[in-house]
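Close look at the chain arrangement
Listed below are the residues making up each chain.
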Amino acid sequence: MKVAIIGGGFTGLTAAYELVKKGHKVTVFEKDTVLGGLAHGFKEKSWSWHLEAAYHHLFTNDTAIIGLMKELGLADRLITKRPITATLWNQALYQFDAPMHLLLFPGLPLIDKLRTGMLALFCKLFPFWQILEGVSAEEFFTAVGGRRAWEEIWKPLMYGKFGALYHQVPASWLWARIKKRTPKLCYIEGGFHTLVTALEKAIKRYGGTILTGVPLQSISIKKNCIYVCGRNAIYNSFSHIAFDRLLLTVPTPFAAKLIPNFSLFTSHFSLPLSIPHLHAQTLILETKEPILKDVYWLNITDRTFPFLAVVAHTNFMDKKHYGGHHLTYFGNYLPPGHPFLTMSKEQLLKKFLPFINRLNPSCQLSAVSCQLFTGMYAQPVHQLHYSQIAPKLDPPAGGPGIYLANMDSIFPWDRGTNYAVELGKKAAIRIMENMKQSHHGRATRDR
Ligand SMILES: Cc1cc2nc3c(=O)[nH]c(=O)nc-3n(C[C@H](O)[C@H](O)[C@H](O)COP(=O)(O)OP(=O)(O)OC[C@H]3O[C@@H](n4cnc5c(N)ncnc54)[C@H](O)[C@@H]3O)c2cc1C
């Protein structure tokens, strides 16, 4: 059977790998010139490692992606460390990655600290996220952890990430963030690019085809065949190619434009269109001086700052892999139409500089380079009863043979390469089951 996979991120590449292993003919179409999707990396001349355009690490319990690394012979390329996470509160940095740090935090009275500790413990131990889907994060976290803790700790982060939409986010989303977090974090030697390259090689070794720089432009269905049409930068265009099955791993708003009659197909598939999405933006500074001294991850709770998080990658991985320079991300999640989305990196840097100086007034900032990256529709905003509206593999999204599997599908979890790997595997299994069923159906009819 011939399968087309649209999108060369972790979901698409894993699905392709699982399918080619079982002998199917797979073609991956990726619109960008590089593979990896939101986890794609780039490398400056003086660096020996790639760096992700958006900050990336793994948790030690990310078993699906760690298992894939083992299968591809990359087990010894996983690096595990315990970098420092902190919060900027009242113009000072507070380390915030252990129960002791909560007790030392000056922003809450003891009773609220104890309630917050209980809430975190509850999230770690309580397994039934479905119950938390029907109540907003604000209601639940205020009821259990107290209003003051909500206002000081959780709300600034929720508001920073989701803006006015934070009211709609269910408690299950925040539960998942706390439950999944591990104090130790992992990174891949050479960057996530190491795993992307290993997957690419494995797919090609099994006979799969990967086309980069080829955005899919339309899908049509004729006589049980699915035809895809895209544009190839090298050959300028190619005619319609026929496949038996098609898996879309692109964000839902893109999929809706590609799948014929997406919203009409079944009432179920008009629902995913109601999920709001934010774009992710990262400004990456390569500097001679460190911007943050020891902290890897800094949450900004002061909403006058024009960014939500500062991620000092070289306080996690050694700067020697990056020409001896310090790498710092400034991250934001932005609604469509936000003015930052149309600003150049120079304009953004100018806007951010006074705030970067506030983080480290002694830092003589001499930027070696500055990069700007925007991931379109990179953050689905979970809604109450999200599991009922999220896209699912069953029934197929675009009618027989057309499947949709993307970041919106991995509830209750937030996005993550681990879940992309898990989802890619599930999608491949579902496609193979479906092929078997239709083969069996045809054989029974023919008898
Ligand atoms: C700021 C940020 C930080 C993150 N941090 C982490 C982290 O620390 N750890 C972690 O594990 N995960 C993290 N993630 C999440 C992780 O990157 C994603 O969950 C994962 O990469 C999603 O993979 P995917 O294949 O499902 O989707 P994507 O990576 O979005 O892949 C979809 C692919 O489809 C392609 N495409 C779109 N339209 C077309 C078309 N018409 N034709 C052909 N191709 C098309 C896109 O170019 C893309 O390559 C982060 C994400 C962001 C944005």
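Analysis parameters
Residues numbered from 1 in each chain as written. Predicted model: local features only at pLDDT ≥ 70, side-chain atom pairs only at ≥ 80, totals over all residues. Heavy atoms only, no water. Phe/Tyr/Trp six-rings, centres within 6.5 Å; stacked < 30°, edge-to-face > 60°. Buried < 20%, exposed > 50% of the residue type's maximum accessible area, 1.4 Å probe, protein only. Lys NZ or Arg CZ within 6 Å of the ring centre and 35° of its normal. Core = buried A, V, L, I, M, F, W, Y, C linked by side-chain atoms within 4.5 Å. Helix = DSSP H or I, 4+ residues; strand = E, 2+ residues; numbered from the N terminus. Domains from an automatic or database assignment. Contact = heavy atoms within 4.5 Å. Pairing = 2+ DSSP bridges. Axes fitted to C-alpha atoms, helices over the stretch in contact; angles between N-to-C directions. Left-handed = near helix turned anticlockwise from the far one by under 90°. Salt bridge = Lys/Arg side-chain N within 4 Å of Asp/Glu carboxyl O. Near = heavy atom within 4 Å. Polar contact = N/O pair within 3.5 Å; in protein donor to acceptor, adjacent residues only side chain to side chain. Areas by Shrake-Rupley, 256 points an atom, 1.4 Å probe, with all protein chains shown as cover. Nonpolar A, V, L, I, M, F, W, Y, C, P; charged D, E, K, R; others polar. Expected span 1.5 Å × (residues − 1). Bend = angle between axes of the 7 residues up to and from the residue. Disulfide = S-S within 2.5 Å. Buried area = accessible area lost by both parts, 1.4 Å probe.

1. So, the packing of aromatic side chains
Counted by the stated rule, this structure contains 35 aromatic pairs. Summarising the aromatic geometry, the rings of tryptophan 89 and tyrosine 94 are spaced 6.1 Å apart at their centres and angled 65° between planes, so their arrangement reads as edge-to-face. You can call tryptophan 89 buried: its relative accessible area is 14%. Taking the centre distance of 6.2 Å and the plane angle of 65° together, the rings of tyrosine 296 and tryptophan 297 count as edge-to-face. An aromatic cluster is built from Phe42, Trp47, Trp49, Tyr55, Tyr187, Phe192, Tyr296, Trp297, Phe316, Tyr322 and Tyr329, whose rings are joined through pairwise contacts. Its end group placed over the ring of phenylalanine 243, lysine 2 keeps NZ or CZ at 5.4 Å from the ring centre. Sitting over the ring of tyrosine 333, lysine 161 keeps its end group 4.4 Å from the ring centre.

2. Some thoughts on the nonpolar core
Residues Ile5, Phe10, Leu72, Phe141, Met158 and Leu195 are the most contacted members of the largest nonpolar core, which totals 97 residues. Element by element, the count of residues in this core is highest for helix 13 (residues 417–446), at nine residues. Counting contributing residues per domain, this core is built from domain 1 (2–70 + 189–275 + 384–446) and domain 2 (98–180), each supplying no fewer than three. Excluding anything up to four places from it in sequence, leucine 195 contacts Phe10, Ile65, Leu68, Met69, Leu72, Leu74 and Ile188. Listed in part, the 24 residues of the second largest apolar core include Phe305, Val310, Leu334 and Phe355.

3. A word on the sheet that holds strand 5 (residues 58–59)
Strand order in the open sheet formed by three strands is 5-9-6, with antiparallel pairing between adjacent strands. Strands with a single pairing partner mark the edges of an open sheet, and in this sheet they are strand 5 and strand 6 (78–81). The sheet contact formed by strand 5 and strand 9 (residues 185–188) spans two bridges and is antiparallel. Bridged to phenylalanine 59 within strand 9 is leucine 185.

4. Re the packing of helix 6 (residues 137–145) against helix 7 (residues 147–162)
Contact geometry of helix 6 with helix 7 gives a least axis separation of 8 Å together with a crossing angle of 145°. Where helix 6 crosses over helix 7, the handedness of that crossing is right-handed. Touching Ala137, Glu138, Phe141, Thr142 and Gly145 of helix 6 are Arg147, Ala149, Trp150, Trp154 and Met158, all from helix 7.

5. Re the pattern of salt bridges
Pairing between side chains of opposite charge can happen when their charged atoms approach one another. For the structure shown, the criterion picks out 15 salt bridges. Here arginine 147 and glutamate 151 are joined by a salt bridge, their closest N and O atoms 3.0 Å apart. Of the two residues, arginine 147 and glutamate 151 both sit in helix 7, four residues apart, roughly one turn of that helix. Between arginine 430 and glutamate 433 there is a salt bridge, with its nearest N and O atoms 3.2 Å apart. Here the residue arginine 430 and the residue glutamate 433 both occupy positions in helix 13, the gap between them amounting to three residues, near one helical turn. On the accessibility criterion, glutamate 433 (39% relative accessible area) is partly exposed.

6. Notes on the site of the ligand
Around the ligand lies a shell of 31 residues, among which Thr11, Glu30, His56, His57 and Thr417 are the nearest. At a separation of 2.7 Å, a nitrogen atom of the ligand approaches a polar backbone atom of histidine 57. In isolation the ligand has 1,000 Å² of accessible area, and contact with the protein removes 93% of it. Elements supplying a minimum of two residues to the shell around the ligand: helix 1 (10–21), strand 2 (25–30) and helix 13. Here the shell around the ligand is composed, by residue class, of 17 nonpolar, ten polar and four charged.

7. Considering helix 7
The end-to-end C-alpha distance of helix 7, which contains 16 residues, comes to just 19 Å, noticeably less than the 22 Å that a straight helix rising 1.5 Å per residue would cover. A bend of about 50° at tryptophan 154 is the largest found in helix 7, and the proline proline 156 appears one to four places after it. Every buried residue of helix 7 is listed here: Ala149, Trp150, Ile153, Trp154, Pro156, Met158, Gly160, Lys161 and Phe162. Looking one or two residues past helix 7, glycine 163 carries a phi angle of roughly 60°, positive in sign.

8. Quick notes on the sheet that holds strand 16 (residues 295–300)
Overall, mixed pairing links the seven strands, which are arranged 8-7-16-17-18-15-19 in an open sheet. The strands lining the two open edges of the sheet, one partner per strand, are strand 8 (92–95) and strand 19 (367–380). Strand-to-strand twist across the sheet, computed as the mean angle between neighbouring axes with direction ignored, equals 20°. As paired strands, strand 17 (residues 309–312) and strand 18 (residues 326–334) are joined by four bridges and run antiparallel to one another.

9. Let's talk about the state of the cysteines
By the definition in use, this model includes zero disulfides. Left without a disulfide partner, cysteine 225 is nearest to the cysteine sulfur of cysteine 229, which lies 15 Å away. Given the relative accessible area of 22%, cysteine 225 is considered partly exposed.

10. What about the side chain of threonine 116?
Topologically, threonine 116 is positioned in helix 4 (residues 110–125). Apart from the residues lying within four places of it in its own chain, the contact partners of threonine 116 are Leu102, Leu108, Gly145, Ala149, Ile153 and Trp154.

11. Details of the domain arrangement of the protein
Taken domain by domain, the protein consists of domain 1 (2–70 + 189–275 + 384–446) and domain 2 (98–180). Listed as interface residues are 14 residues of domain 1 and, on the opposing side, 14 residues of domain 2. The largest per-residue losses of area from domain 1 upon contact with domain 2 belong to Leu384, Pro412 and Asp414, which jointly make up 47% of the total buried on that side. A salt bridge links aspartate 414 to arginine 177, with the nearest nitrogen and oxygen atoms 2.6 Å apart. For the interface between domain 1 and domain 2, the tally reads seven residue pairs in polar contact (both at pLDDT 80 or more). Partitioning the side of domain 1 that touches domain 2 into residue classes produces seven nonpolar, four polar and three charged.

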